[in-house]
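What follows is each chain in one-letter form.
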Amino acid sequence: MKAIVSASEMAAADRYTIERLGVPGIELMERAARACVGELMEELRPDSLVTVLAGPGNNGGDGLAIARLLHGEGVTVRVFLLQDGETYRGDAALNHQRLRDLAVDISVIEDPATFGLPLGCDWVVDALFGTGLSRPITGGLANLIERLNVSGLRVLAVDIPSGLSGDHGRVDGPAVRARLTVTFQCLKFAHVVTPACLSCGDVRVHDIGISFSDEARTGSWLVEGRDFQRPTRDVEGHKGRYGYLGVVGGFAGMAGAASLAARAALRFGAGKVRVLTDQPAYFGQPGSVMVDHVDRWKQVGDFDALVIGPGLSRAEAAWSHLRQWDLRDRSIVWDADGLHLLAAERLFPGKDWVMTPHPGEAAVLLGTTAGEVQRDRLAAIRALAKAFPGGWLLLKGFRTLVLSPGGELFVCGTGNVALATAGSGDVLSGMIGAMLAQGCAMEEAVLSACLRHGLAADRWVRHHPDYSMIAEDIIEDLKY
Ligand SMILES: NC(=O)C1=CN([C@@H]2O[C@H](COP(=O)(O)OP(=O)(O)OC[C@H]3O[C@@H](n4cnc5c(N)ncnc54)[C@H](O)[C@@H]3O)[C@@H](O)[C@H]2O)[C@@H](O)CC1
Ligand SMILES: [K+]
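Residues numbered from 1 in each chain as written. Chains lettered and ligands numbered in written order. Predicted model: local features only at pLDDT ≥ 70, side-chain atom pairs only at ≥ 80, totals over all residues. Heavy atoms only, no water.

An unreviewed UniProt entry annotates the protein chain as Bifunctional NAD(P)H-hydrate repair enzyme of Sulfidibacter corallicola.

Student: Outline the domain arrangement of the protein chain, supporting the account with residue identities and numerical values.
Tutor: Domain boundaries assigned for the protein chain yield domain 1 (2–218) and domain 2 (238–477). Listed per partner, the contact involves 13 residues of domain 1 and ten residues of domain 2. For the domain 1 and domain 2 pair, buried surface summed over both sides reaches about 830 Å², with 65% attributable to carbon and sulfur atoms. Looking at the side of domain 1 facing domain 2, the largest losses of area belong to Arg170, Val193 and Thr194, adding up to 48% of the total buried there. Connecting domain 1 to domain 2 are one salt bridge. The partner of Asp376 in a salt bridge is Arg170, and the shortest N-O contact between them spans 2.8 Å. Joining domain 1 to domain 2, the criterion identifies two residue pairs in polar contact (both at pLDDT 80 or more). For the side of domain 1 that touches domain 2, the residue count by class is seven nonpolar, three polar and three charged. (Domains from an automatic or database assignment. Contact = heavy atoms within 4.5 Å. Buried area = accessible area lost by both parts, 1.4 Å probe. Salt bridge = Lys/Arg side-chain N within 4 Å of Asp/Glu carboxyl O. Polar contact = N/O pair within 3.5 Å; in protein donor to acceptor, adjacent residues only side chain to side chain. Nonpolar A, V, L, I, M, F, W, Y, C, P; charged D, E, K, R; others polar.)

Student: Give me the lowdown on the site of ligand 1, citing residues and values where you can.
Tutor: Around ligand 1, 20 residues are found, and the nearest of them are Asp14, Asp62, Gly130, Arg135 and Asp159. Asp159 is positioned with one of its side-chain polar atoms (N or O) 2.5 Å from an oxygen atom of ligand 1. In the complex, 77% of the free accessible area of ligand 1, which totals 880 Å², lies under the protein chains. Listing elements by their share of the shell around ligand 1, those giving two or more residues are helix 1 (7–20), helix 2 (25–43) and helix 3 (58–72). Counting residues per element, the shell around ligand 1 draws most heavily on helix 3, at three residues. When the residues that make up the shell around ligand 1 are grouped by side-chain class, the tally is nine nonpolar, seven polar and four charged. (Near = heavy atom within 4 Å. Areas by Shrake-Rupley, 256 points an atom, 1.4 Å probe, with all protein chains shown as cover. Helix = DSSP H or I, 4+ residues; strand = E, 2+ residues; numbered from the N terminus.)

Student: An account of the coordination of the potassium ion (ligand 2) is needed here, citing residue identities and associated values.
Tutor: With distances of 2.6 to 3.2 Å, the protein atoms coordinating the potassium ion (ligand 2) are Asn59 (OD1), Asp126 (O), Phe129 (O), Val158 (O), Ile160 (O) and Ser162 (OG). Here the potassium ion (ligand 2) is ringed by six donor atoms whose angles at the metal span 63 to 171°, and the overall shape comes out irregular. Taking relative accessible area as the criterion, Ile160 reaches 0% and is therefore assigned buried. (Donors = N, O, S within 2.8 Å, 3.2 Å for Na, K, Ca; no water. Tetrahedral: all angles 85-135°; square planar, octahedral: opposite > 155°, others 65-115°. Buried < 20%, exposed > 50% of the residue type's maximum accessible area, 1.4 Å probe, protein only.)

Student: Describe the packing of aromatic side chains, listing the residues and the values that go with them.
Tutor: The full count for this structure, using the stated rule, is four aromatic pairs. Both rings, one in Tyr244 and one in Phe303, keep their centres 4.6 Å apart while their planes meet at 55°; by these two values the pair is tilted. With a gap of 59 residues between them, Tyr244 in strand 11 (residues 244–248) and Phe303 in the loop between strand 13 (290–293) and strand 14 (305–308) connect regions that are remote in the sequence. The exposure classification of Tyr244 matches that of Phe303, with both residues buried. Measuring from centroid to centroid gives 6.4 Å for Trp392 and Phe410, while their planes differ by 20°, and the two rings are stacked. A residue pair is termed long-range when its members are at least 10 positions apart, and Trp392 in strand 17 (residues 392–395) and Phe410 in strand 19 (residues 409–412) qualify at 18 residues. Phe410 shares its class with Trp392; the two are buried. Taken together, Tyr244, Trp297 and Phe303 form an aromatic cluster joined through their ring pairs. (Phe/Tyr/Trp six-rings, centres within 6.5 Å; stacked < 30°, edge-to-face > 60°.)

Student: Give a description of the pattern of salt bridges that names residues and reports values.
Tutor: Tallied over the entire structure, the rule returns 26 salt bridges. For Asp477, the salt bridge identified is with Arg452, shortest N-O distance 2.8 Å. With Asp477 in helix 15 (residues 471–477) and Arg452 in helix 14 (residues 442–463), the pair connects residues that are 25 residues apart, well separated along the chain. Connected via shared salt-bridge partners are Lys2, Glu224 and Arg226.

Below you can see the structure in the form of structure tokens.
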């Protein structure tokens, strides 16, 4: 897991490292610049030309140090400042001074709107703004950024593409589109949350020796494929040891949704899976998934965990059973139509529960639009937590977000657009249910299912077109 911090948490760690641990700020800036130059040198040819665009703060200061170090490597560099060099303060001023003493071409951008982009250069270093951006970029500078984004020039963003905020995944104004972003010590939210992360290109995190005080422990994490773990089975295991999952759904001709959830659950290790539906005949010949008419279940039965929702429908007949069941001691995955039921009737959601909406379902739960949810996914998942306190939330979509009842946030680093296919959500709910049925804690259940679901798609696109994956392919991949 990699920590994700906000701009203010990062600034507090900077201050702690400088003031309490005695590491000079100028040394941190030098290490930041070295990290960027190290990455850039991998990309350059001997005769490469690099342009550095330097803004008014410490991000600009990083840019000035980068220009000096590149010059030291024999690279031809041109530097364009947003303002007169005399206006720099602190460490940035010192780096301006150091650069001026060298034979590096430094100019001031008089009018960003008419500034001629150096189209012949190989890389542009975006050191305009970092985590200190306090409002969206407007005016001539906005125009410069828009032209840079369509110029085809390759951009390395220092710390964060200029125009983004470290604190969230929104894009509130014009923002540089980088090919590569080099950031320091920790990821910021914009690096991993959509839509902002789509402007970051490849993100590389470099340790430059910034420490966090003990009180300032972060509660947000990027989880990646390498974090995926599953408990191994005991040699004497039997199916009774791996739990009994109930899938409530597959009503009114929507057998497919419940069937996908149930088969995914078996593939992901559930010992036994039973679907409760009003149309058992739709499930065809008896197979590894058990199927029953829901009318036979006056009480919820001896399931270790439940998935409620895939193909449940919104019909009264489907919901009436759930109202009678005592869900107080159950682990439950609420998905699809189950979410509509929760929203409409505020049923008790269980002892331990997770809701797994896609943006459209989240919009219904929040009384807004899917577009608004996607514009600020962090705000949306936090609003869901307020509206439905006490459980886990999982907001699907590229870089799925997971929020614990205690407010810890996880961003899932696996998965891609291949998952945009009918039934992939049903598969995910079945996988989470399988882990819960096997006795895993909710955190492990949700994160391992989410990571593994995404890994199936990441493996798929290595050898197939992204549009060609179907939900059954995810289940197939779970064999490996
Ligand atoms: N010790 C440290 O604090 C370190 C900081 N580092 C760098 O410092 C950066 C943060 O530096 P700063 O806090 O100085 O902030 P920035 O350099 O990101 O920007 C702050 C400046 O931009 C101006 N500004 C903000 N929003 C604007 C807008 N919309 N339009 C026009 N001007 C705007 C502010 O008035 C201020 O002059 C990091 O992103 C990182 O690159 C690194 O050098 C590592 C060490
Ligand atoms: K930047």
